[in-house]
Amino acid sequence: MTAADPQTAPRRSAGPSAPDTDFKSVPLATVKTQLGYSPDGLSIADAAKRLVQYGPNEIAEHRTNPLLKFLSYFWGPIPWMIEIAVILSGAVGHWPDFFIILVLLVANGVVGYTEERQAGNAIDALKAKLAITARVTRDGKSVTAPARELVPGDVIRLRLGDIVPADARLLDGDDIEVDQSALTGESLPAAAATGDAVFSGSVIRQGEASALVYATGSGTYFGKTAELVQDAHTGSHFQKAVVQIGNYLIILAVVLVSLIVLVAALRGDEILTTLQFALVLTVASIPVAMPTVLSVTMAVGARLLAKKQAIVSRLVAIEELAGVDVLCADKTGTLTQNSLTLGVPFAVDGVTPAAVVLDGALASRADNDDPIDRAVLGGLDDETILNTYTVTHFAPFDPVHKRTEATVTASDGATFRVTKGAPQVILALAAPSEQITRAADGAVDDFAAHGFRSLGVARADKDRDWRFVGVLPLFDPPREDAAETISTAAAMGVTVKMVTGDALAIAKETASKIGLGTHILDAAALGDVKKKESAAVAESIETADGFAQVFPEHKYHIVDVLQKRGHIAGMTGDGVNDAPALKKADCGIAVSGATDAARAAADIVLMTPGLSVIIEAIKESRKIFQRMNSYAIYRIAETLRVLLFMTVAILVFNFYPVTAIMIVMLALLNDGAILSIAYDKVHYRNEPEAWNMRMVLGIATVLGVVGPIAAFGLFYLGDRVFELGHARVQTLMYLMLSVAGHLTIFLTRTRGPFWSIRPARILLIAVCGTQAVATLIAVYGLFMSPLGWGWAAAVWGYALLWFLVSDRIKLLAYRILDPPRRAERPSDTTEVLTSASS
């Protein structure tokens, strides 16, 4: 992938095609001939025909069919398990189970689809058209038309401040300056004259000219780069984790169900009875609400991030952001203020620095809205001093002379001229002594070594020759919070790498000022997308503190190399040229003021400038990850608890400990309440998060095995010691599974003792509420034999006792399976994330 300039007009299916010509660089006369140029523009009829031929001047959005998108939520290991349970329920005539499980299945799809669609709508609301209207000549008349109706061959008029609506070649008119920062990343405007190409999405900063449109829509520079985004895809670590969990539970369920069916066949049990309980076991093995809970947790997190001015366009990006360990950050606007500032100038002998600034300011115009002029004018100690001078003539910058010039009259009537521009141009104009030339060249070199751009300034009093007076240094200062934010990122295990199109010296100086290392690579030595780097070069990319003179293909390539070396890479960007790299990154972040193409490619869109909002988003995403991790352990542990208990009870005791309706009620009450974990209080860890499936499955298995041991203790007491009878023992075990199951969430939500992090109020209320319902059902016997208050209290006491024992076992399991590598931060990480959890 490269961000090559667009060469040809796009060709559509209707009408004759434009020739396959490099319209950007062929002689202007050839472009005029092939596009049928006329000073009077196209006729309305011809424009309409071409609009059919080439299509609207807009980038076609690649959107998935909504129905197919919705159906995708019913494809995968866990949905398959739920669907099998629905089919089995209908096959054996368990219609209550059939409808309840079907409702949960549909609910999973609806919640996931709805939340992601809402996130997409948030991005759509942010988008603004690059150019709403354009001044175009049709039938010899200048009219204002919607930009989407422009076609190749149209003659348009471009003025100061206009957004160029399509790729075009300049015709007659002034030399102009074009801000192409959204396309190329270059912060300073580029000069363009008659015959030069200007690209869709760039902004006219100076001058006025007519232009001949040669490419529209997806055929433009903007459009071609946006199309490249479609080629960059990365898999979600979250989706991979869910598949692993699903596979684990599927294998376990298949083994245990097969075992029960085999034993039942050997015992001579009725086939229908065997199928019914095979169904119960299948239902018990399915984490029915797992996709819903995880989707809701991420959706709630997305809303929290939105409050911090970070809009999530892809829910799974939250989990990816939590795991980012390398963040490639744009320099301009993210690490710096994106505002040129005047430094301390160099002045020749006999001239004060203030006089150099004043002469440079007089050779500037505020109404040009030029970043260099703004910086020079902003360097004046007192701008009112300009009121004592009158500019009688001003020559703006042009690509031939490479300088501005002003004729000025002072308050005493004295007339003089001032000029500013490229240092070598001003030195050649003034022709100072060799000593002054050497001093000026030395100053320019010194400024460059410190990351400054330089402007030469000269003055001519009355009719005298030009006299060189000094050099003005310009720089883009770092953001005030940049150094502190980078230090915070490092403490959180995130390495920030600066990515900039600036020269190597400027990049190194900026890096040193913000606390990054100065090991900056010149990206010109790097390969493109298709090149496989040697191990040495790949390692240099991995260890570099930043990259200078970066082009779009380099950004994509840098991300690709980092990913191949095992990193979870984040990339920030704002321009069209950043879009492919944003799409390629594990988490693409479009910064404040980004173009439509960058926003469409990114996973997260920032609404405020700077790096600090990204760090805050990482903190929040890590909290969200902790909630998902806690729920995953809880859900697997509970599935194991029920599966193992039922299997052993059936195989060893030939006793069916719970009924199908009890299993369904367990799923409804437990998983319904557990949605509140999306609001739980958590600590974020000062290291990138990743799905440690060895730890997740290990801790869940330990808790899943301890649970049946406790359950069989109560089963023995109820069945053998107190002889409650088959029906009451089933109720007893239902209440035990329900209470002990919900207490498990208080074990899995912390790595330390269960009291180490106080749970959110909403989680406590949800758990207490559902368990109160479960207790009342058991006590009064709704759909089961009544148990009575005495035995219900005994179950609660027994479950709480085993809860305390399980907490100790959990701590031991963590020390064995996932020993702590770094102390977690004890302070300022226990905020209540929403008012609902306070």
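Each value, and the rule that gives it
- Residues numbered from 1 in each chain as written.
- Predicted model: local features only at pLDDT ≥ 70, side-chain atom pairs only at ≥ 80, totals over all residues.
- Heavy atoms only, no water.
- Axes fitted to C-alpha atoms, helices over the stretch in contact; angles between N-to-C directions.
- Helix = DSSP H or I, 4+ residues; strand = E, 2+ residues; numbered from the N terminus.
- Parallel < 35°, antiparallel > 145°, perpendicular 65-115°, else oblique.
- Left-handed = near helix turned anticlockwise from the far one by under 90°.
- Contact = heavy atoms within 4.5 Å.
- Nonpolar A, V, L, I, M, F, W, Y, C, P; charged D, E, K, R; others polar.
- pLDDT = per-residue confidence, 0-100.
- Buried < 20%, exposed > 50% of the residue type's maximum accessible area, 1.4 Å probe, protein only.
- Pairing = 2+ DSSP bridges.
- Core = buried A, V, L, I, M, F, W, Y, C linked by side-chain atoms within 4.5 Å.
- Expected span 1.5 Å × (residues − 1).
- Salt bridge = Lys/Arg side-chain N within 4 Å of Asp/Glu carboxyl O.
- 1 Å grid on protein atoms, 1.4 Å probe; cavity = no way out; pocket = protein on both sides within 12 Å on 5 of 7 lines; lining within 4 Å.
- Points joined across faces, edges and corners; volume = space filled by probe spheres on them.
- Polar contact = N/O pair within 3.5 Å; in protein donor to acceptor, adjacent residues only side chain to side chain.

Q: How do you make sense of the packing of helix α23 (residues 612-653) against helix α26 (residues 726-748) when you look at a structure like this?
A: One can describe the packing of α23 onto α26 by two numbers: an axis separation of 9 Å at closest approach and a directional angle of 155°. Considering the angle they form, α23 stands roughly antiparallel to α26. In this structure, α23 crosses over α26, and the sense of that crossing is right-handed. Between α23 and α26, the contacting residues are Ser-630, Ile-633, Tyr-634, Glu-638, Arg-641 and Phe-645 on the first element and Met-733, Leu-737, Ala-740, Gly-741, His-742, Thr-744, Ile-745 and Thr-748 on the second. Along the lines of polarity and charge, the residues of the contact of α23 with α26 split into 7 nonpolar, 5 polar and 2 charged.

Q: What is the right way to look at the confidence of the model for the protein in this model?
A: Any region with low pLDDT has predicted coordinates that should not be read closely. A residue-level look at the protein finds 84% of positions with pLDDT of 70 or above and a mean pLDDT of 81. In this model residues 1-19 is a low-confidence stretch, pLDDT under 50, and it forms 63 contacts with partners more than four residues away in sequence or in other chains. In this model residues 122-131 is a low-confidence stretch, pLDDT under 50, and it forms 23 contacts with partners more than four residues away in sequence or in other chains.

Q: Would you mind going over the pairing of strand β5 (residues 176-179) with me for this structure?
A: Consecutive side chains along a regular strand alternate between the two faces of the sheet. Side chains Ile-176 and Val-178 of β5 all project onto a buried face; the interleaved residues Glu-177 and Asp-179 project onto the opposite face, where all are buried too. Looking at chain direction, β5 and strand β6 (residues 190-192) are connected through 3 bridges and run antiparallel. Each residue of the ladder has a partner; that of Ile-176, found in β6, is Ala-192. In terms of strand pairing, β5 meets strand β8 (residues 203-206) through 3 bridges, oriented antiparallel. Note on β8: the bridge partner recorded for Glu-177 is Gln-206.

Q: What's the story with the nonpolar core in this structure? I'm lost.
A: A general trend in soluble globular proteins is that nonpolar side chains are found buried together. In terms of nonpolar packing, the biggest core is built from 115 residues, with Tyr-734 and Met-736 touching the most fellow members. If one sorts the elements of this core by residue count, α23 sits on top with 20 residues. The next biggest cluster of nonpolar side chains, apart from the first, holds 39 residues, and it includes Leu-340, Leu-342, Val-348 and Leu-362.

Q: Even after reading the chapter, I still don't get α23, so can you show me in this structure?
A: Along an α-helix, residues three or four positions apart point the same way, because every turn accommodates 3.6 residues. For α23, which comprises 42 residues, the first-to-last C-alpha distance of 61 Å matches the rise-based estimate of 62 Å (1.5 Å per residue) to within 8%. Taking burial as the measure, the 42 residues of α23 include 35 buried ones, the bulk of the element. Of the residues trailing α23, Asn-654 is marked for its positive phi of about 50°.

Q: What is the right way to read the sheet that holds strand β3 (residues 155-158) from this model?
A: The strands that make up a sheet are held in pairs by hydrogen bonds between backbone atoms, and each pair lies either parallel or antiparallel. If you trace the 6 strands from one edge of the open sheet to the other, you get β2-β1-β3-β9-β4-β7, paired in antiparallel fashion. Looking at strand neighbours, the two that pair on one side only are β2 (141-146) and β7 (197-198), the edges of this open sheet. With 3 bridges connecting them, strand β1 (residues 133-138) and β3 associate as antiparallel partners. Bridged to Val-136 within β3 is Ile-156.

Q: What is the right way to read the pattern of salt bridges from this model?
A: Side chains that differ in charge, positive against negative, can pair when their charged atoms come close. Going through the model one piece at a time under the given rule, you end up with 27 salt bridges. A salt bridge links Asp-162 to Arg-135, with the nearest nitrogen and oxygen atoms 2.2 Å apart. One end of the pair, Asp-162, is in the loop between β3 and β4 (167-173); the other, Arg-135, is in strand β1, and 27 residues separate them in sequence. Take Asp-162: its relative accessible area is 19%, and that puts it in the buried class. Among the ionic pairs, Asp-818 bridges to Arg-751, the shortest N-O distance being 2.7 Å. Of the two residues, Asp-818 is situated in the segment after α28 (789-817) and Arg-751 in the loop between α26 and α27 (761-780); the sequence distance between them amounts to 67 residues. Accessibility expressed as a relative area gives 8% for Asp-818, which makes it buried. We classify Arg-751 as partly exposed; its relative accessible area is 25%. Salt bridges linked by common partners bring Arg-157, Arg-159 and Glu-208 together as one network.

Q: Please explain empty space enclosed by the protein as it appears in this structure.
A: If you roll a probe as big as a water molecule over the atoms, it shows you where there is empty space left. Under the criterion given, the structure shown has 5 cavities of 30 Å³ or more. The calculated volume of the second largest cavity comes to roughly 130 Å³. Surrounding the second largest cavity, 14 residues form its lining, Arg-641, Ala-740, Trp-802, Phe-803 and Ser-806 being those nearest its centre. Elements with a contribution of two residues or more to the lining of the second largest cavity: α25 (693-721), α26 and α28. Here the element with the most residues in the lining of the second largest cavity is α26; it accounts for 5 residues. A class-by-class count of the residues in the lining of the second largest cavity yields 10 nonpolar, 3 polar and 1 charged.

Q: Help me out: how do you make sense of the sheet that holds β5 in this one?
A: In space, the 3 strands of this open sheet follow the order β6-β5-β8, with antiparallel pairing throughout. Both outer strands of the open sheet, β6 and β8, are each paired with one neighbouring strand and no more. The mean angle between the axes of side-by-side strands here comes to 45°, regardless of whether they run parallel or antiparallel.

Q: What is the right way to read unusual backbone geometry from this model?
A: Not every positive phi belongs to a glycine, and Asp-139 is a case in point at roughly 55°. Here Asp-139 shows up in the loop between β1 and β2. On the basis of relative accessibility, which here comes to 45%, the residue Asp-139 falls in the partly exposed class. Residues other than glycine seldom take positive phi values, yet Gln-309 does so here, at roughly 70°.

Q: I tried to follow α27 on my own but got confused; where do I start?
A: Compared with the 28 Å implied by 1.5 Å per residue over 20 residues, the 28 Å span of α27 between its first and last C-alpha is a close match. Of the residues flanking the end of α27, it is Gly-781, one or two places downstream, whose phi is positive at about 75°.

Q: Before we go on, may I ask you to explain the side chain of Glu-638 in this structure?
A: Position of Glu-638 relative to the elements: it lies in helix α23. Side chain to side chain, Glu-638 and Thr-744 meet in a polar contact 3.2 Å long.

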